[in-house]
Every structure is written in C-alpha cells, then in structure tokens.
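# Structural overview for review
Each chain, letter by letter, is given below.
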Amino acid sequence: MTTTAPHTTATATEQTAAAGQSASAAGQGATVAQSAAAVARAQAPAAGAEGLPAFDRLLELAEGERAVAVRNVPATLACFTAHFPRHPVLPGVLLLESLAALARTAAGPGAWRLAGVRGVRFKHFVGPGDQVHLTVEVSRHSRQRTECRATARVEGRVVATVRALTLVSTTTTWEDTA
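Residues numbered from 1 in each chain as written. Predicted model: local features only at pLDDT ≥ 70, side-chain atom pairs only at ≥ 80, totals over all residues. Heavy atoms only, no water.

### Considerations on the overall build of the protein
Of regular secondary structure, the protein possesses 3 helices and 6 strands. Written out in order from the N terminus, the α and β elements of the protein read α-α-β-β-α-β-β-β-β. Of all 178 residues assigned to the protein, the portion counted as buried reaches 36%. Counting only contacts in the protein whose residues sit at least 6 apart along the sequence, the fraction spanning at least 24 positions is 64%. If you sum the accessible surface of the protein, you get close to 10,300 Å²; carbon and sulfur atoms cover 54% of it. (Helix = DSSP H or I, 4+ residues; strand = E, 2+ residues; numbered from the N terminus. Buried < 20%, exposed > 50% of the residue type's maximum accessible area, 1.4 Å probe, protein only. Contact = heavy atoms within 4.5 Å. Areas by Shrake-Rupley, 256 points an atom, 1.4 Å probe, with all protein chains shown as cover.)

Here it is as structure tokens:
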C-alpha cells in the first residue's frame, strides 16, 4: 500500500516570500527581501472575494514616494459572465482595489486602510486579456495619513485616473479621518 502526500500549491504570497528569501541568500541583499515583503503586505489584505491578488507583479517601489505594478486581466474571471456577457468589462471597483493595494505598498510599512477616493475618472474599458500598468505617486505622507495620485494604463493609453486616494493608519480612529 502506498500513500501519497496531498498536492499543495503555494500561494502568490508564499511564492513571493520564497523568491525573496532565495534571492537574499544568493547575496542580492535586503532590497529584494523588502520588495517581497511589500508585495506580500499589499496582496494579502487586498485579495478579493475570489482570492485574487490585487496586482500580479511589482515593477518599481520607492516607499513613501512611488510604486509601479502590473495586473493581468484573465478571461476566466467570474465577473465577466455577468459584467457584461456580450462585451466583458472589468468592473471599475476591481481596478480601484488594485490601485488601493498599490497605494498601501507605496505608503510603506504599517497597516493602512482606504479612507477615501476623490476625482475618479474611467476613460476606457478594460477587458479580458488586457495587461494594466498601475502607477501610484504619493503626494502627502505622514505616520497617520497618506494621500496618493494614481493612474491605470493599458498599452500606453490611460484607462483610469484617481486625483486623490487617501489611506489612514489602522491605529487612526474614524473621527480622525475627516
């Protein structure tokens, strides 16, 4: 009688952490490990109901200043069956979720929650098979509050902009967010 171990799949966070550890062990220093930790921070709380990460790959990170990432939009997303069957469109709230997760990464260490979004403009549809380049630039940053500008592009064309995306530290009470 033979017994086999159950097949397990590593989550994106585990793969990122493992990649960061092996790169650090290879002598590339703490920068890769810090980037891996930043991706893990961003993806863990931002995973949606379907368990999808908010973005697929972090391209650039300057904590407290700027972050750039990529999100691939697979045709197999469940939202495409109802939104809309003949012309599938990625819901804007999922695009905003990705931008908020990237903003949390750009804000740096600490636990951040989304407090507000102002000046959102959706300019073009995002559909199945698109690769969205997300850019977040921090305009104001303190221990308790971070404000960012955000842009989403597909093939160089701006598909969405956010004038002000506000994050507050989880230690801040709701009364302090106004």
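There is more to say after this.
### Observations concerning the environment of threonine 135
Tracing the sequence through the fold places threonine 135 in strand E4 (residues 131-141). Since its relative accessible area comes to 14%, threonine 135 is described here as buried. Each C-alpha atom of the pair threonine 135 and leucine 99 lies 7.7 Å from the other, and the pair is 36 residues apart in sequence. Once residues lying within four places of it in the same chain are set aside, the contact partners of threonine 135 are Arg66, Ala67, Val68, Leu99, Leu102, Arg149, Ala150, Thr151 and Arg153.

### Comments concerning the nonpolar core
In this structure, Phe55, Leu95, Leu102, Val126, Val132 and Leu134 are the most contacted members of the largest nonpolar core, which totals 32 residues. Elements represented by at least two residues in this core include exactly strand E2 (66-72), helix H3 (92-107), E4, strand E5 (145-154) and strand E6 (157-169). Of all the elements, H3 adds the most residues to this core, at 7 residues. (Core = buried A, V, L, I, M, F, W, Y, C linked by side-chain atoms within 4.5 Å.)

### A look at the sheet that holds strand E1 (residues 57-62)
Overall, antiparallel pairing links the 6 strands, which are arranged E1-E2-E4-E5-E6-E3 in an open sheet. The sheet terminates laterally at E1 and strand E3 (112-122), the two strands that pair on one side only. Averaged over all pairs of adjacent strands, the angle between their axes in this sheet comes to 20°, without regard to strand direction. Along the sheet, H3 makes contact with E1, E2, E3, E4, E5 and E6, crossing E4 at roughly 50°. (Pairing = 2+ DSSP bridges. Axes fitted to C-alpha atoms, helices over the stretch in contact; angles between N-to-C directions.)

### Describing the pairing of E6
Side chains on a regular strand alternate between the two faces of the sheet. In the sheet, E3 pairs with E6 via 9 bridges, with the strands oriented antiparallel. Within E6, the position partnered with arginine 113 by the bridge is valine 168. Inspection of the sheet shows E5 paired to E6 by 9 bridges, in the antiparallel sense. Paired with cysteine 148 across the bridge in E6 is leucine 165. Joining the antiparallel neighbours E5 and E6 is a turn of 2 residues, in which glutamate 155 adopts a positive phi near 50°.

### Examining unusual backbone geometry
Cis geometry is found at the peptide bond from histidine 83 to phenylalanine 84, where omega equals 0°. Mapped onto the elements, phenylalanine 84 comes out in the loop between E2 and H3. In this model, glutamate 155 sits at a positive phi of 50°, which is unusual for a non-glycine residue. Summarising the element assignment, glutamate 155 is placed in the loop between E5 and E6.

### Details of the pattern of salt bridges
Applying the stated rule across the entire model yields 4 salt bridges. For arginine 118, the salt bridge goes to glutamate 147, with nearest N and O atoms at 3.8 Å. Taken as a pair, arginine 118 in strand E3 and glutamate 147 in strand E5 lie far apart in primary sequence, 29 residues in all. The residue glutamate 137 makes a salt bridge to arginine 149 at a minimum N-O spacing of 3.4 Å. One end of the pair, glutamate 137, is in strand E4; the other, arginine 149, is in strand E5, with 12 residues separating them in the sequence. In this structure glutamate 137 comes out as partly exposed when scored by relative accessible area, which is 30%. Using a relative accessible area of 40% as the deciding quantity, one classes arginine 149 as partly exposed. Via salt bridges that share partners, Glu60, Arg66, Glu137 and Arg149 belong to a single interconnected network. (Salt bridge = Lys/Arg side-chain N within 4 Å of Asp/Glu carboxyl O.)

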